[in-house]
Amino acid sequence: MAVMTRTLGRSGIEVSALGMGCWAIGGPWAEGLQPLGWGVVDDDESVLAVRRALDLGVTLFDTADTYGAGHSERVLGRALAGRRDEAVVATKWGYTFDEAARQATGEDASPAYLRRALTDSLRRLDTDRIDLYQLHLGDLPVPRAEALIGTLEDLVADGLVRAYGWSTDRVDRAAAWGQAARGATAVQHTLSVLRDAPELLAVCDKYDLVSVARCPLGMGLLTGKYTTGSTLPRDDLRGHAPGWLEWFRGGRPAPEWLRRVSAVRAALTADGRTLPQGALGWIWARSDRSVPIPGCRTVAQVEENAAALARGPLPPDQFAEVERQLAALRAAALREADRPYWPSPTLPTARP
């Protein structure tokens, strides 16, 4: 089966149109008492999931050094042993952490830390290069980010990094990166049928950057398995949601977001797709530059998501019906109690 592909912006690196997000396979970690992981995971199952993704044509694997305080990179490196050349590995730097204590400790945007973080990521991933290296500090002031470009270009010249990007939901940051950084090739940002990002997609078009779409399934809301009665465990960040996490409150899915999922479900699944497959198809119909990276922890999750590749983008009539439903929701929100949550709450100020 031919697999849809995308190009990582100016780099020319080709990847599958679907990636695998590796935040969840990092397992538990925290900032003080605030969990930042997705609960306990089975490392052996995570390894099988990565390898199954490769078997099904998924080639982009996105992680960060801080996920699981280094553990996600270690598990991904183990999974790719003997198959490294089949994969395009993306990771991030900028947040500091204590690997032994599994604790986030702050951030460091210095060029010296950039070099040190890269060395550590290469070791944990057991590889000689990072294919896509992404600045993880989404709110970093533009001048401080631009001060890192020279070091990144040196790392590209040395063959340690093939391409680089910025994980940010800030339009001005993404535009500055696209304009000033010759080797910049990607912007990672939130994008889903629940949270469109037209201005960021326009920046990607203008500067020939790939859109790496994080949270394409609304951190699980678009899997369809959550209801108003669902509760998340306390060791899952959604069960003790920090302020930047808009889709869950008090350990439960936010009801206004569940209503939106319910409103678009029929349109997303009209041609026989599952709800997650429809949500991924919406992203591909929305932009031919976007590569969604749904998080996966199990082989079954990988197989369901990868099956979306065979179906491709939503057909135009189906996409138009989703947009019609969303427009109706926006109009209704002007009269309902959830008005503050539509169309756009405050942007995340730190993670993911």
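Above: the structure in question.
Throughout what follows, the structure given in this document is the object of discussion. Just so you know, these numbers come straight off a predicted model, no measurement behind them.

1. Focus: the state of the cysteines
Across all of its chains, the model carries 0 disulfides by this definition. Counting only cysteine sulfurs, Cys296 is the nearest neighbor of Cys22, a cysteine outside any disulfide, at a range of 8.3 Å. Note on Cys215: no disulfide assigned, nearest cysteine sulfur contributed by Cys296 at a separation of 13 Å.

2. Description of the packing of helix α6 (residues 171–180) against helix α7 (residues 198–207)
Running from N to C, α6 and α7 cross one another at 5 degrees; their axes reach a closest spacing of 9 Å. One finds that α6 runs roughly parallel with respect to α7. Residues Val171, Ala174, Ala175, Gly178 and Gln179 of α6 form the contact with α7, whose own contacting residues are Glu199, Leu200, Val203 and Tyr207. Among the residues making up the contact of α6 with α7, the classes are represented as 6 nonpolar, 2 polar and 1 charged.

3. Concerning the sheet that holds strand β3 (residues 19–21)
With respect to topology, 8 strands assemble into an open sheet ordered β3-β6-β7-β10-β11-β12-β13-β16, the strand pairing being parallel. The sheet is open, and its two edges are formed by β3 and β16 (290–292), each paired on a single side. Ignoring strand direction, the axes of neighbouring strands in this sheet form an average angle of 25 degrees. Of the pairings in the sheet, the one linking strand β6 (residues 60–62) to strand β7 (residues 88–93) comprises 3 bridges and is parallel in character. Looking at β7, one finds that Phe61 is bridged to Val89. Helix-sheet contacts for helix α5 (residues 149–157) involve β7, β10 (130–135) and β11 (161–167), and the interaxial angle to β11 is about 150 degrees.

4. Observations concerning the side chain of Arg214
Of note, Arg214 is situated in strand β13 (residues 210–214). There is a polar contact of 3.0 Å between the side chain of Arg214 and the side chain of Ser167. Beyond its immediate chain neighbours, meaning those up to four positions away, Arg214 contacts Ser167, Thr168, Asp169, Gln188, His189, Thr190, Leu191, Ile293 and Pro352.

5. Observations concerning unusual backbone geometry
Here the phi dihedral of Ala69 falls at roughly 55 degrees; this positive angle occurs in a residue that is not glycine. In this structure Ala69 comes out as buried when scored by relative accessible area, which is 1%. At Asp208, a residue that is not glycine, the phi angle is positive and equals roughly 55 degrees. When you line up the elements, Asp208 lands in the loop between α7 and β13.

6. Points about α5
Looking only at α5, the buried set comprises Ile149, Thr151, Leu152, Glu153 and Leu155. Elements in contact with the buried residues of α5: β7, α3 (111–125), β10, α4 (142–146), β11 and α6.

7. A closer look at the nonpolar core
In terms of nonpolar packing, the biggest core is built from 101 residues, with Met20 and Phe61 touching the most fellow members. Setting aside residues no more than four positions away along its own chain, Phe61 makes contact with Met20, Cys22, Val50, Ala53, Leu54, Leu76, Ala87, Val88, Val89 and Ala90. In this structure, Val88, Ala90, Leu132 and Val210 belong to the second largest nonpolar core, which totals 13 residues.

8. Observations concerning the pairing of strand β9 (residues 103–107)
Pairing geometry for strand β8 (residues 95–98) and β9, over 4 bridges, is antiparallel. Residue pairing for β9: Asp98 is matched across the bridge by Gln103. The turn linking β8 back onto β9 is made up of 4 residues, and Arg102 within it adopts a positive phi angle of 55 degrees.

9. Here's the deal with the pattern of salt bridges
Opposite charge on two side chains lets them pair, provided their charged atoms get close. Scanning the model with the defined rule gives 27 salt bridges in all. Where Asp154 meets Arg115, a salt bridge forms, and the shortest distance between an N and an O atom there is 3.8 Å. In this pair, Asp154 sits in helix α5 while Arg115 sits in helix α3, placing the two residues 39 residues apart along the sequence. The exposure class assigned to Asp154 is partly exposed, which follows from its relative accessible area of 39%. Residue classification places Arg115 among the partly exposed positions, given a relative accessible area of 36%. Between Asp172 and Arg173 there is a salt bridge, and its shortest N-O distance comes to 2.9 Å. Beyond isolated ion pairs, a larger network of salt bridges with shared partners links Arg84, Asp85, Asp128, Arg129, Asp131 and Arg162.

10. Here we look at the packing of helix α8 (residues 255–268) against helix α9 (residues 275–286)
Two elements in contact, α8 and α9, have axes whose closest approach is 9 Å; the angle formed by their N-to-C orientations is 85 degrees. Relative to α9, the element α8 lies roughly perpendicular. Touching Val261, Arg265 and Leu268 of α8 are Leu275, Gly278, Ala279 and Trp282, all from α9. When its residues are assigned to classes, the contact of α8 with α9 shows 5 nonpolar, 1 polar and 1 charged.

11. Details of the side chain of Thr59
Within the secondary structure layout, Thr59 lies in the loop between α1 (43–55) and β6. Among the polar contacts listed, one links the side chain of Thr59 to the backbone nitrogen of Ser16, at a separation of 2.9 Å. Leaving out residues up to four positions away in the same chain, Thr59 has contacts with Val15, Ser16, Leu18, Glu86, Ala87 and Val88.

Conventions adopted
- Residues numbered from 1 in each chain as written.
- Predicted model: local features only at pLDDT ≥ 70, side-chain atom pairs only at ≥ 80, totals over all residues.
- Heavy atoms only, no water.
- Disulfide = S-S within 2.5 Å.
- Axes fitted to C-alpha atoms, helices over the stretch in contact; angles between N-to-C directions.
- Helix = DSSP H or I, 4+ residues; strand = E, 2+ residues; numbered from the N terminus.
- Parallel < 35°, antiparallel > 145°, perpendicular 65-115°, else oblique.
- Contact = heavy atoms within 4.5 Å.
- Nonpolar A, V, L, I, M, F, W, Y, C, P; charged D, E, K, R; others polar.
- Pairing = 2+ DSSP bridges.
- Polar contact = N/O pair within 3.5 Å; in protein donor to acceptor, adjacent residues only side chain to side chain.
- Buried < 20%, exposed > 50% of the residue type's maximum accessible area, 1.4 Å probe, protein only.
- Core = buried A, V, L, I, M, F, W, Y, C linked by side-chain atoms within 4.5 Å.
- Salt bridge = Lys/Arg side-chain N within 4 Å of Asp/Glu carboxyl O.

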